[in-house]
Amino acid sequence: MNIFRRRPLGLLASALLITVAGCSTADDGATVAVPGPDAKTATVCRDLHRVLPRKLDGRERADPEPRSAYTAGWGNPAIILRCGVVRPPKMVDPKVAEGGDPDAVAGGVNGVDWLMEKQGDGTWRFTTANRVAYVQVSLPEGMSAQEEGTAVLTDLAPCVKKAIPKGIASMR
């Protein structure tokens, strides 16, 4: 007796998909919120996406989900890049400009200005300054801002300089 003969094929296919999805390794990848830049910013972010390296600080490219021209990732746990983000509030905080905020510092690496911010969970986030689009780079837990962060920003500087012109980003 064939037990599948009277069963709808749709039920079997659904059960198989659920089983395969439950065993998927895609859950190991990073997920991020995709920025929604304006048209001008979107153009330079797509330009940046095209010139990003396959390796960053020795880590292989592993873009996060959902896939987007405005995001990129390297390694696992991932270093995450997001292009077209809104300006971080600390970028215009006078306390940061005066060096009075221990969790936020402005600086530059190889011709690209960055705001470095320590997050509440102890991780670090960098956001470009003085460019027509804000590019944000987040380090995973355990990576130091001084050593690994500098290496990451050094690797990204040529790409940012090539794709994101100097200027003022939109105030969104």
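Everything discussed here concerns the structure shown above.
Residues numbered from 1 in each chain as written. Predicted model: local features only at pLDDT ≥ 70, side-chain atom pairs only at ≥ 80, totals over all residues. Heavy atoms only, no water.

(A) Main features of the pattern of salt bridges. Applying the stated criterion across every chain yields a total of six salt bridges. Among the salt bridges present, the one from Glu117 reaches Arg125, with a minimum N-O distance of 3.0 Å. Arg125 shares its class with Glu117; the two are buried. (Salt bridge = Lys/Arg side-chain N within 4 Å of Asp/Glu carboxyl O. Buried < 20%, exposed > 50% of the residue type's maximum accessible area, 1.4 Å probe, protein only.)

(B) Geometry of helix 2 (residues 39-51). With 13 residues, helix 2 should reach 18 Å at 1.5 Å per residue; the first-to-last C-alpha distance of 19 Å fits that figure. Taken residue by residue, helix 2 has Thr41, Ala42, Val44, Cys45 and Leu48 as its buried positions. If you follow the buried residues of helix 2, they end up packed against strand 4 (79-83), strand 8 (135-138) and helix 4 (145-163). For helix 2, the N-terminal capping position is held by Asp38, with its side-chain oxygen 3.3 Å away from the main-chain nitrogen of Lys40. (Helix = DSSP H or I, 4+ residues; strand = E, 2+ residues; numbered from the N terminus. Expected span 1.5 Å × (residues − 1). Contact = heavy atoms within 4.5 Å. Polar contact = N/O pair within 3.5 Å; in protein donor to acceptor, adjacent residues only side chain to side chain.)

(C) Structural view of the packing of helix 2 against helix 4. Taken N-terminus to C-terminus, the directions of helix 2 and helix 4 make an angle of 140°; their axes are 9 Å apart at the nearest point. Classified by the angle their axes make, helix 2 and helix 4 are oblique. The interaxial crossing formed by helix 2 with helix 4 has right-handed handedness. In this structure, helix 2 contributes Val44, Asp47, Leu48 and Val51 to the contact, and helix 4 contributes Cys159, Val160, Lys162 and Ala163. Considered class by class, the residues forming the contact of helix 2 with helix 4 number six nonpolar, no polar and two charged. (Axes fitted to C-alpha atoms, helices over the stretch in contact; angles between N-to-C directions. Parallel < 35°, antiparallel > 145°, perpendicular 65-115°, else oblique. Left-handed = near helix turned anticlockwise from the far one by under 90°. Nonpolar A, V, L, I, M, F, W, Y, C, P; charged D, E, K, R; others polar.)

(D) Examining the state of the cysteines more closely. According to the stated counting rule, one finds one disulfide in the structure shown. A sulfur-sulfur distance of 2.1 Å marks the disulfide that ties Cys45 to Cys83. When the S-S torsion is -75°, as for the bridge of Cys45 with Cys83, the disulfide is left-handed. Taken as a pair, Cys45 in helix 2 and Cys83 in strand 4 lie far apart in primary sequence, 38 residues in all. (Disulfide = S-S within 2.5 Å.)

Worth remembering: the numbers are spatial, not functional.
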